[in-house]
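Summary of structural features
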Amino acid sequence: MLLLLPLHFHSHSQLSLQPTMSSLLLFFLLSLCLLSSSSSSSSSSSATNDSPKTFIIQVQYDAKPSIFPTHEQWYDSSLSSLPTTAAPAASSSTSSRVIHTYDTVFRGFSAKLTYSEAEHLKTLPHIIAVIPEQVRHLHTTRSPQFLGLKTSDSAGLLKESDFGSDLVIGVIDTGIWPERQSFNDRDLGPVPPKWKGQCITTKDFPASSCNRKIIGARFFCQGYESTNGKMNETTEFRSPRDSDGHGTHTASIAAGRYVFPASTLGYARGVAAGMAPKARLSVYKVCWNAGCYDSDILAAFDSAVSDGVDVVSLSVGGVVVPYYLDAIAIGAFGASDHGVFVSASAGNGGPGGLTVTNVAPWVTTVGAGTIDRDFPADVHLGTGKIIPGVSVYSGPDLGGTNRMYSLVYAGSESGDGYSASLCLEGSLDPAFVKGKIVVCDRGINSRAAKGEVVKKAGGVGMILANGVFDGEGLVADCHVLPATAVGASGGDEIRKYILLAEKSKSPATATIIFKGTRVNVRPAPVVASFSARGPNPESPEILKPDVIAPGLNILAAWPDKVGPSSIPTDKRKTEFNILSGTSMACPHVSGLAALLKASHPEWSPAAIRSALMTTAYTVDNRGERMVDESTGNTSTVLDFGAGHVHPQKAMNPGLIYDLTSYDYVNFLCNSNYTVNNIQVITRRTADCSGARRAGHVGNLNYPSMSAVFQQYGKHKMSTHFIRTVTNVGDPNSVYKVTIRPPSGMIVTVQPEKLVFRRVGQKLNFLLRVEARAVKLSPGSSSMKSGSIVWSDGKHNVTSPIVVTMQQPL
């Protein structure tokens, strides 16, 4: 506490009472000695053996004593004064224990501390919060054409925005392989004058790696190395260069240039292009072999906003925690507060519910859908039965339908049980699988790695079978041997065939037929099986994901030194690779956001999200409601949010639901966050009294409306939503509402007509939902959805309504 005494003398005014610098310094040093001696005597009796870990510390930024020239020196001093219970947890050989300092989206620093040190730090008056670090993981063409972005359009979104040429997309990921043609700067103008970023050069990332396309490149490994020790530079680059492939892939989806011809091992031939082909890229490498560390992610957000990016694309995530403990939510709020649009992947935890991540309302959360292209590779059984599958395999095939191979299930009684059923490393008996096609169950290790295990054991091919949880969702992989993936029902049928063959003493046989690339697939889009689903675990009143975008079997740029299967032994080279995940869906929206920002420079991040949501569609290319890939059944708003993005309509949405940082503060107040919690997220001192408490969480001016009713024996329940829409369409326009209520519920809107006289005019409406209790077992819930559509005859502004009925235990 004595460490903070000089703060009382720090002032911007030059008062005669202010002590001299020398006397202040003497007093400070004396105080520090007293604190150190008293704490050392007490710490010896209360010492614990807790091991150090990384914490992110928020400070009262303007409380820095004037005797410290920099904030980092102040932070170091705060750390050196702590009563230590273990050897100093320095992150490097230098004397500083500070890992990163933050001063744009967050104010403070990160450091490695023992638990007891962290607890003591919380007691200091200038410390606002001490947040434990999380480790995040990656959420791992034809899509521009599928989305309707055509270069030939004389007046489309690409033309209107000049392909995003003056916008900068910051990609927080695994870095970039800059030599790829997707990142050439041909015909690009000079770097936008607002740009303040840097291209950090190293021996493997020379200055020539940056150009007028890649205008910024940084890497952040201090947090990673603080936990894992010095990186192995023979397996990863200490530079912005990508040794994984994920970052190169996502960057080119967002903003790759037009490249022809493009393909992966002959599959998906055509023109490769990102969403905003002329947008500039700045890459922030935060993901390493052991994961992506919060302290590094927050540093990347801090730099990206300070550098001047317009959009942040983040295809990583982790478990959902309260926003004030979530470094991504905190960094994203700071970015949004500076006018930067943040797009983040929803996660790959589907098809189960409550799996969506990156759920803060100031983040646009993106799930994954399919496009109208696939790569069929069917299993032909000895019975003549054909089981559909998918694969991206280009090596020698199995000889066509005229040659059949013995077929075995790796998890049969002849094998090594559970680990063999999953084809884990070293689990297969070569005597059992040699010369045969092997059925492996999906799970634990990567899909392509299972093929390598089969290949090493002498198998000639692999059938990768989904489990019940995976359903019928199929992902095409670049396999190292003839292999295909089949759905859960197909896997069951194949295993049943093998079992019957064993009982009848007649050998089971099969082959795999690879059919290349198929386009104009119907139905499309379909909600990808792996795409994470709602409801929102942290704020059920905010529907997440917000939208879906193409995320299955997406062709994009790939590094030289990584094989297309990402297996270390795979030495094949390809300029493009086909990957799947919400990681691929997120940069589609990042690129679209850049195009929309270029077309409408005055739009806020919330306005851009609103345009994408209210113009999204929920029907496929058959004209029917989108289906869920995992089941084949109709999908719901918890799967796709507002729907699938429609770029051309988003350019001219008619009305938008806008939001400011002040609105988000109100939302946090109504979420019962404390003033301190809110300050951690927003860097503001909130006043949650009075009018702010008059609302409720669902009254955030969001384009979707979600109500949660706790039944508690009530017969009738009701709630209301107040919304404000801003006219961005025609000056004189009249919008009438069409209500499609959730089944069995009454929805009313007042007024039913909105009359606008000018562009930019704002009008309010009130939507009321009335519901009757339904029969539910204790602890269970049911969800119903509907929508409202505001239309002026030219624009249709659609908002989903979600009502969840919960029966308490």
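Overview of the structure. For every chain, the first residue of its written sequence is number 1, and the numbers climb from 1 along that sequence. Given that the model is predicted, a residue must reach a pLDDT of at least 70 before its local features are reported, and side-chain atom pairs must reach 80 or more before they are shown or counted; all residues, however, enter totals for whole chains, interfaces and linings. For the side-chain quantities, the full set of heavy atoms in the structure was used; hydrogens and water were omitted.

With respect to the overall build of the chain
Applied cut-off: Runs of H or I in DSSP of at least four residues are treated as helices and runs of E of at least two as strands, each being numbered from the N terminus. For each residue, the accessible area found with a 1.4 Å probe, counting protein chains only, is set against the maximum for its type, and the residue is called buried under 20%, exposed over 50%, and partly exposed in between. Shrake-Rupley sampling with a 1.4 Å probe provides the accessible areas, and residues are treated as covered by the protein chains on show and by no other component.
Within the chain, the secondary structure is distributed over 19 helices and 37 strands. A buried classification covers 59% of the 809 residues belonging to the chain. Put simply, the chain shows about 31,000 Å² of open surface, and 53% of that area lies on carbon and sulfur atoms.

Section: the state of the cysteines
Short version of the rule: The definition used for a disulfide is geometric: two cysteine sulfur atoms within 2.5 Å.
Evaluation of the coordinates by the stated rule reveals 4 disulfides. With a sulfur-sulfur separation of 2.1 Å, Cys-287 is cross-linked through a disulfide to Cys-292. Measuring handedness by torsion sign, the sulfur bridge of Cys-287 and Cys-292 sits at about 110° and is right-handed. Of the two residues, Cys-287 and Cys-292, neither departs from the other in class, the shared state being buried.

A closer look at the sheet that holds strand β14 (residues 316–317)
As a reminder of what qualifies: By definition, two strands form a pair when at least two bridges between them are found by DSSP.
Strands sit in the order β11-β12-β5-β14 across an open sheet of 4 strands; the sheet is antiparallel. At either end of the open sheet lies a strand with only one pairing partner, and these are β11 (287–288) and β14. Relative to strand β12 (residues 291–293), β11 runs antiparallel, the two sharing 2 bridges. Bridging from a neighbouring strand, Cys-287 pairs with Cys-292 of β12.

Describing the pattern of salt bridges
What counts, and what does not: A side-chain nitrogen of Lys or Arg and a carboxyl oxygen of Asp or Glu constitute a salt bridge if their distance falls within 4 Å.
Going through the model one piece at a time under the given rule, you end up with 29 salt bridges. Notably, a salt bridge pairs Asp-326 with Arg-136, separated by 2.8 Å at the nearest N-O pair. In this pair, the class of Asp-326 matches that of Arg-136, namely buried. Where Arg-572 meets Asp-570, a salt bridge forms, and the shortest distance between an N and an O atom there is 2.9 Å. Of the residues examined, Asp-570 reaches a relative accessible area of 7% and is grouped as buried. Here the salt bridges do not stand alone but share partners, grouping Lys-203, Glu-225, Glu-233 and Arg-238 into one network.

Some thoughts on helix α12 (residues 447–456)
Using the following cut-off: Residues count as neighbours in contact if any of their non-hydrogen atoms are within 4.5 Å of one another.
Across the 10 residues that make up α12, a large majority, 7, are buried. Taken together, the buried positions of α12 are Ala-448, Ala-449, Lys-450, Gly-451, Glu-452, Val-453 and Val-454. The inward-facing, buried residues of α12 abut β21 (437–441) and β22 (461–465). Gly-458 lies just past α12 and shows a positive phi near 100°.

Observations concerning the environment of Val-526
Checked against the element boundaries, Val-526 lands in the loop between β25 (518–519) and β26 (547–550). Placed 53 residues apart in sequence, Val-526 and Gly-473 show a C-alpha to C-alpha distance of 9.8 Å. For Val-526, the contacting residues outside a window of four places in its chain are Ala-368, Gly-369, Thr-370, Val-627, Asp-628 and Glu-629.

A look at the side chain of Ser-590
Worth spelling out the cut-off: Polar contact is defined as a pair of N or O atoms within 3.5 Å, subject to the rule that within protein one atom must be able to donate a hydrogen and the other to accept it, and that residues adjacent in sequence are counted only when both atoms are side-chain atoms.
Assignment of secondary structure puts Ser-590 in helix α14 (residues 582–599). Exposure remark for Ser-590: the relative accessible area of 0% places this residue in the buried category. Side-chain polar atoms of Ser-590 contact the side chain of Ser-313, separated by 2.7 Å. Setting aside anything within four residues of it in sequence, one finds Ser-590 in contact with Ile-169, Val-311, Val-312, Ser-313 and Ser-343.

So, unusual backbone geometry
Cis geometry marks the peptide bond from Ala-524 to Pro-525, where omega comes out at -5°. Within the secondary structure, Pro-525 is located in the loop between β25 and β26. Along the chain, Gln-750 connects to Pro-751 via a cis peptide bond; the corresponding omega equals -10°. Within the secondary structure, Pro-751 is located in the loop between β33 (746–750) and β34 (753–756). Of note, Asp-187 is a non-glycine position whose phi angle comes to about 65°, a positive value. Along the polypeptide, Asp-187 turns up in the loop between β6 (168–173) and β7 (214–219). A positive phi angle, close to 65°, is found at Ile-444, a residue other than glycine. Tracing the backbone through its elements, the reader meets Ile-444 in the loop between β21 and α12. What makes Ile-444 exposed here is its relative accessible area of 68%.

Some remarks on the layout of surface pockets
What counts, and what does not: In this analysis, the protein atoms alone were mapped onto a 1 Å grid. Cavities are point sets where a 1.4 Å probe fits without being able to get out; pockets are open sets with protein on both sides within 12 Å along at least five of seven lines; lining residues have an atom within 4 Å of a point. Grid points are joined across faces, edges and corners, and a volume is the space filled by probe spheres set on the points. Ten residue types, Ala, Val, Leu, Ile, Met, Phe, Trp, Tyr, Cys and Pro, are classed as nonpolar, four, Asp, Glu, Lys and Arg, as charged, and the remainder, Gly among them, as polar.
The calculated volume of the second largest pocket comes to roughly 620 Å³. Lining the second largest pocket are 28 residues, with Asp-374, Val-390, Glu-472, Leu-474 and Glu-629 positioned closest to its centre. Looking at which element gives the most residues to the lining of the second largest pocket, the answer is helix α13 (residues 488–503), with 3 residues. Of the residues that constitute the lining of the second largest pocket, the class distribution is 11 nonpolar, 7 polar and 10 charged.

A few points about the pairing of strand β9 (residues 267–272)
Working note: regular strand, side chains alternate between the two faces of the sheet. With 3 bridges joining them, strand β8 (residues 259–264) and β9 adopt antiparallel strand pairing. Note on β9: the bridge partner recorded for Thr-264 is Tyr-267. Between β8 and β9, which follow one another and run antiparallel, lie 2 residues, and Leu-265 among them has a positive phi close to 55°.

So, the sheet that holds strand β16 (residues 364–369)
The condition that has to hold: Simply put, an axis is a line fit to the C-alpha atoms, just over the touching stretch for a helix, and the angle between two N-to-C directions goes from 0 to 180 degrees.
The 7 strands are arranged β7-β10-β6-β13-β15-β16-β26 in an open sheet whose pairing can be described as parallel. Since the sheet does not close on itself, it has two edges, and those belong to β7 and β26, each with one partner. Along the sheet, successive strands turn relative to each other by an average axial angle of 25°, direction set aside. Relative to β26, β16 is paired through 4 bridges, and the arrangement is parallel.

Quick notes on the packing of aromatic side chains
For the record, the criterion: What counts as a ring pair is set by centres within 6.5 Å for rings of Phe, Tyr and Trp (its six-membered ring), and what kind of pair is set by the plane angle: stacked under 30 degrees, edge-to-face over 60, tilted for all other angles.
Under the counting rule described, the total for this entry stands at 18 aromatic pairs. Centre to centre, the rings of Tyr-224 and Tyr-293 are 6.0 Å apart; their planes meet at 45°, and the pair counts as tilted. Here Tyr-224, found in helix α6 (residues 222–228), pairs with Tyr-293, found in strand β12; they are 69 residues apart in sequence, far enough to count as distant. By relative accessible area, Tyr-224 is classed as buried at 6%. Put simply, the rings of Tyr-323, Tyr-324, Phe-333, Trp-362, Tyr-664, Phe-667 and Tyr-673 touch in pairs and so form one group of aromatic residues.

With respect to the packing of helix α18 (residues 661–670) against helix α19 (residues 675–682)
For clarity, the threshold we go by: Here is the rule for handedness: rotate from the far helix to the near one, and if that takes an anticlockwise turn smaller than a right angle the crossing is left-handed, while a clockwise turn gives right-handed.
In contact at an axis separation of 10 Å, α18 and α19 are set at 145° when each is read in the N-to-C sense. Crossing geometry of α18 relative to α19 is assigned as right-handed. Packed against α18, whose contacting residues are Val-665, Leu-668 and Cys-669, the element α19 presents Ile-678, Ile-681 and Thr-682 at the interface. When the residues that make up the contact of α18 with α19 are grouped by side-chain class, the tally is 5 nonpolar, 1 polar and no charged.

Some points on the pairing of β6
Counting buried positions over the 6 residues of β6 gives 6, a clear majority of the element. Burial along β6 is two-sided: the face carrying Val-168, Gly-170 and Ile-172 and the face carrying Ile-169, Val-171 and Asp-173 are both buried. Bridge count for β6 against strand β10 (residues 280–285) is 6 bridges, and the pairing is parallel. Bridge assignment links Gly-170 to a residue of β10, and that residue is Ser-282. When β6 meets strand β13 (residues 311–314), the two strands line up parallel, connected through 4 bridges. Bridged to Gly-170 within β13 is Val-312.

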